2 protein chains.
Amino acid sequence: MDRIDSSLVALRRILRATEMSGRELAQSAGLTAVQLRVLQVIGETGQTTAKAISMRMHVSQATVTALVDKLVSGGMVVREKSMTDRRQTNILITDRGRQTLEDAPDPLQQLYVQRFKQMEDWEQAMLVAALERVATMLDAEDLQAGAILTTGDLNKTE
Amino acid sequence: MDRIDSSLVALRRILRATEMSGRELAQSAGLTAVQLRVLQVIGETGQTTAKAISMRMHVSQATVTALVDKLVSGGMVVREKSMTDRRQTNILITDRGRQTLEDAPDPLQQLYVQRFKQMEDWEQAMLVAALERVATMLDAEDLQAGAILTTGDLNKTE
DNA sequence: GTGAAATAATTAGTCCTGCTAATTAAAATA
DNA sequence: TATTTTAATTAGCAGGACTAATTATTTCAC
């Protein structure tokens, strides 16, 4: 097995582990992985719009509406008509939503962080460099693809 | 931003780029990402069973049945009762299925391989080591979780 | 300033993926 | 042989995603 194979297999193991832990965690939080993701995005600023979420997550506005509906019915967020532009609806996180976010940390983190901390300094540095290298390799296409990516997107949660 | 954050952000960029390229590619191949994944699994050995796929992909047999239905109606695979154990149904890839696989290489590969090849030897080695390190960190849980993982799973496609 | 175009959110309707529970058939075992 | 286990399917359900159409508002060109 050559290096390309090895690295692809490793990437797939990573993707898969992430996917599975996402499911588990979302379940324990009473939300699905996607719903949690939306809540995280809203929680970053505390308030946002459907449009902003849809751009940030590269998902249609209709999908966002459906997801926000779920969060609203779970009491995680509330909708509120914007006063500056009345076409817009602001979506605000509630105390309960914040609490949920705190109780349900990012699925990746749970698995990853404790192990990462145990590593030696040089290895941590190497890992970060390697991951960033791969990320750059993979999402360079994205940058060419469209004007959707903005500065905010560089810190994207998913 | 500390190293943990950096590496988590990088991981998310990787996940996201993969997800998006998976969508695009599956679309151009006339199959969804999941269907393509199933076809890849079948293509590895040329022939397998629903049970094997469901274990390999950690998905219920009912889901596999539905996915294989799609592939059958697309002419990518055929079903054939096993003669050694008549409870089983062998799923065989067709020429057309093979062709589709060739035309639609793994989404990850498309993006990744050409860039990987351009890297210097030492950097390739470092990347592989780093990725495997992360993969091990993340899917160690899996190994404890159940007896589902077998040797075959270590080469899993997804 | 009015009318046309653009923007924001939603609704309606569809597809795909996944699940569980129940069913059918065959094999293994006690 | 009778029971249990295994393999696949069917039926029915839910979540997440999409497009197209609708409703309000805002912007902009004339």
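Rules used in this analysis
Residues numbered from 1 in each chain as written. Chains lettered and ligands numbered in written order. Predicted model: local features only at pLDDT ≥ 70, side-chain atom pairs only at ≥ 80, totals over all residues. Heavy atoms only, no water. Buried < 20%, exposed > 50% of the residue type's maximum accessible area, 1.4 Å probe, protein only. Helix = DSSP H or I, 4+ residues; strand = E, 2+ residues; numbered from the N terminus. Pairing = 2+ DSSP bridges. Near = heavy atom within 4 Å. Polar contact = N/O pair within 3.5 Å; in protein donor to acceptor, adjacent residues only side chain to side chain.

Draft legend 1. Spatial organisation of the pairing of strand E3 (residues 89-93) of chain B. All names here are of chain B. Summarising burial for E3: four of the five residues are buried, a large majority. Across three bridges, strand E1 (residues 47-49) lies against E3 in antiparallel orientation. Residue pairing for E3: Thr 49 is matched across the bridge by Asn 90. Alignment of strand E2 (residues 77-81) against E3, held across five bridges, turns out to be antiparallel. Bridge pairing links Lys 81 to Thr 89 in E3.

Draft legend 2. View of the protein's contact with DNA strand C. Taken together, 22 residues sit near DNA strand C, with Lys51(A), Arg79(A), Thr32(B), Gln35(B) and Ser60(B) positioned nearest. Each atom of DNA strand C within 4 Å of the protein belongs either to a base or to sugar and phosphate, the latter forming 76%. A distance of 2.7 Å is found between a phosphate oxygen of DNA strand C and a backbone nitrogen or oxygen belonging to Ser60(B). Interatomic distance of 3.1 Å between a backbone N/O atom of Arg86(B) and a phosphate oxygen of DNA strand C. At the level of elements, helix H3 (50-57) and helix H4 (61-73) of chain A together with helix H2 (33-45) and helix H4 (61-73) of chain B are the ones that each hand at least two residues to the surface near DNA strand C. When residues of the surface near DNA strand C are assigned to their parent elements, the largest contribution, four residues, is made by H4(B).

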